[in-house]
Amino acid sequence: MIDEKIKKDVDEEFANLKKELQIHLKGDFDVSQTRAFLKTHIPNEITYKSEVLLDTLLNYLMEDARKQIESADATLQNAFYDADFRKRIHKWTKQLGNNLSLETDIVKYSIDPRLKQGLIASGIIFVAGAGVTTALLPTVVGSMVAGLVTIVLSALAFKFSFDKATPKSREIIKKDIDQYLEGAQIQMLSWLISVEKAFNNDFRQFCLDNGFESGVIING
């Protein structure tokens, strides 16, 4: 039951995150600025949401644990509250290997097609331009002129191809972000399930230590 509830919460949080990101990805957004900003912004938002989801999960687990010991005597119930399972689990998640560790702490983008197309176009112009102008002006001055003309033509070709590939670049950014979010969502749910298991094991041991076997979590 708790697994289903927290999975639903994770789905909702990531759906909300995708909606929040649309403000940065709508229309003719600036590719370079958006890439740079979202590269670290998205992982930071996921880290924040992990804290929210952790507290949500602990609310579910604490409520379930309280129901399991509601028939126990006051001594055990007081011992349960003194144990402060919420604090113990928070401490557990801070330990190396128990904390949420995203596969990558930045969004990794595919090669920007603007740069690729720009380099291809300018490279072709450079090779062709240098050969033609040198042939027409086979002198030292001619070579200098050829170099300047080729550089200008190459720069223009790069700019033209770079700008032309911008729409494609926007689409690739969106796909890269969707892919990152899908992976992060899977990692988030897996981490929360590991937290749940740690809580269940800890609570089970607490019940056994206090002779309250009926409080053992069957689904742990």
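Given the structure is predicted, the values throughout are model-derived calculations rather than measurements.

Caption draft 1: Seen up close, the confidence of the model for the protein. Residues at a pLDDT of 70 or more form 72% of the protein, whose mean pLDDT is 80. With pLDDT under 50 throughout, residues 117-137 is counted as low confidence; its partners more than four residues away or in other chains account for 27 contacts.

Caption draft 2: Molecular detail of the pattern of salt bridges. Considering all chains together, one arrives at 7 salt bridges under this definition. Here Glu20 makes a salt bridge to Lys49, at a shortest N to O gap of 4.0 Å. In this pair, Glu20 is assigned in helix α1 (residues 2-25) and Lys49 in helix α2 (residues 31-68), connecting sequence segments 29 residues apart. Given a relative accessible area of 40%, Glu20 falls into the partly exposed group. Residue classification places Lys49 among the buried positions, given a relative accessible area of 6%.

Caption draft 3: Broad picture of the nonpolar core. Judged by nonpolar contacts, the single largest core of 47 residues is most densely connected at Ile42, Ile46, Ile177, Met188, Phe199 and Phe203. Among the secondary structure elements, those contributing two or more residues to this core are α1, α2, α3 (74-83), α4 (85-94) and α7 (166-209). Of all the elements, α7 adds the most residues to this core, at 15 residues. Those residues in contact with Met188 that lie beyond four places of it in its chain are Val10, Phe14, Ile46, Lys49, Ser50, Leu53 and Leu100.

Caption draft 4: View of α2. For α2, which comprises 38 residues, the first-to-last C-alpha distance of 54 Å matches the rise-based estimate of 56 Å (1.5 Å per residue) to within 8%. Of all the bends in α2, the greatest measures close to 35° and is centred on Leu38. Where α2 starts, the residue carrying a side-chain oxygen 3.2 Å from the main-chain nitrogen of Ser32 turns out to be Asp30.

Caption draft 5: Expanded view of the packing of α1 against α2. In contact at an axis separation of 10 Å, α1 and α2 are set at 155° when each is read in the N-to-C sense. The pairing of α1 with α2 is recorded here as roughly antiparallel in orientation. Note that α1 runs across α2; the crossing there is right-handed. For the contact of α1 with α2, the class distribution of residues is 16 nonpolar, 4 polar and 7 charged.

Caption draft 6: Highlighting the packing of aromatic side chains. In the structure shown here, the tally under the stated rule is 9 aromatic pairs. Grouping aromatic residues by their ring pairs yields a cluster made of Phe80, Tyr81, Phe85, Phe199, Phe203 and Phe206. The ring of Phe85 carries the charged tip of Arg88 above its face, separated from the ring centre by 4.6 Å. Arg170 extends its terminal NZ or CZ atom over the ring of Phe29, reaching a point 5.6 Å from the ring centre.

Caption draft 7: Region of the structure containing α1. Compared with the 34 Å implied by 1.5 Å per residue over 24 residues, the 34 Å span of α1 between its first and last C-alpha is a close match. Residues of α1 that are buried include every one of Ile2, Ile6, Asp9, Val10, Glu13, Phe14, Leu17, Leu21 and Leu25, and no others. Looking at the buried residues of α1, the elements they touch are α2 and α7. Within two residues after α1, Gly27 carries a phi angle of roughly 65°, on the positive side.

Caption draft 8: How the structure looks around the environment of Tyr109. By secondary structure assignment, the location of Tyr109 is in the loop between α4 and α5 (113-136). A relative accessible area of 18% means that Tyr109 is categorised as buried. Between the C-alpha atom of Tyr109 and that of Lys175, which follows or precedes it by 66 residues, the distance is 9.2 Å. If we ignore the near neighbours within four places in the chain, the residues touching Tyr109 are Thr34, Arg35, Leu38, Lys39, Ile173, Asp176 and Ile177.

Caption draft 9: Seen up close, unusual backbone geometry. Of note, the phi angle at Asp84 is positive, near 50°, even though the residue is not glycine. Position of Asp84 relative to the elements: it lies in the loop between α3 and α4. Residue classification places Asp84 among the partly exposed positions, given a relative accessible area of 35%.

Caption draft 10: Representation of the packing of α4 against α7 within the structure. Two elements in contact, α4 and α7, have axes whose closest approach is 11 Å; the angle formed by their N-to-C orientations is 130°. By the angle between their directions, the pair α4 and α7 is classed as oblique. Crossing of α4 over α7 shows right-handed handedness. Where α4 abuts α7, its residues Phe85, Arg88, Ile89, Trp92 and Thr93 lie against Trp191, Ser194, Val195, Ala198, Phe199, Asp202, Phe203 and Phe206. Split into classes, the residues belonging to the contact of α4 with α7 amount to 9 nonpolar, 2 polar and 2 charged.

Criteria and cut-off values
- Residues numbered from 1 in each chain as written.
- Predicted model: local features only at pLDDT ≥ 70, side-chain atom pairs only at ≥ 80, totals over all residues.
- Heavy atoms only, no water.
- pLDDT = per-residue confidence, 0-100.
- Contact = heavy atoms within 4.5 Å.
- Salt bridge = Lys/Arg side-chain N within 4 Å of Asp/Glu carboxyl O.
- Helix = DSSP H or I, 4+ residues; strand = E, 2+ residues; numbered from the N terminus.
- Buried < 20%, exposed > 50% of the residue type's maximum accessible area, 1.4 Å probe, protein only.
- Core = buried A, V, L, I, M, F, W, Y, C linked by side-chain atoms within 4.5 Å.
- Expected span 1.5 Å × (residues − 1).
- Bend = angle between axes of the 7 residues up to and from the residue.
- Polar contact = N/O pair within 3.5 Å; in protein donor to acceptor, adjacent residues only side chain to side chain.
- Axes fitted to C-alpha atoms, helices over the stretch in contact; angles between N-to-C directions.
- Parallel < 35°, antiparallel > 145°, perpendicular 65-115°, else oblique.
- Left-handed = near helix turned anticlockwise from the far one by under 90°.
- Nonpolar A, V, L, I, M, F, W, Y, C, P; charged D, E, K, R; others polar.
- Phe/Tyr/Trp six-rings, centres within 6.5 Å; stacked < 30°, edge-to-face > 60°.
- Lys NZ or Arg CZ within 6 Å of the ring centre and 35° of its normal.

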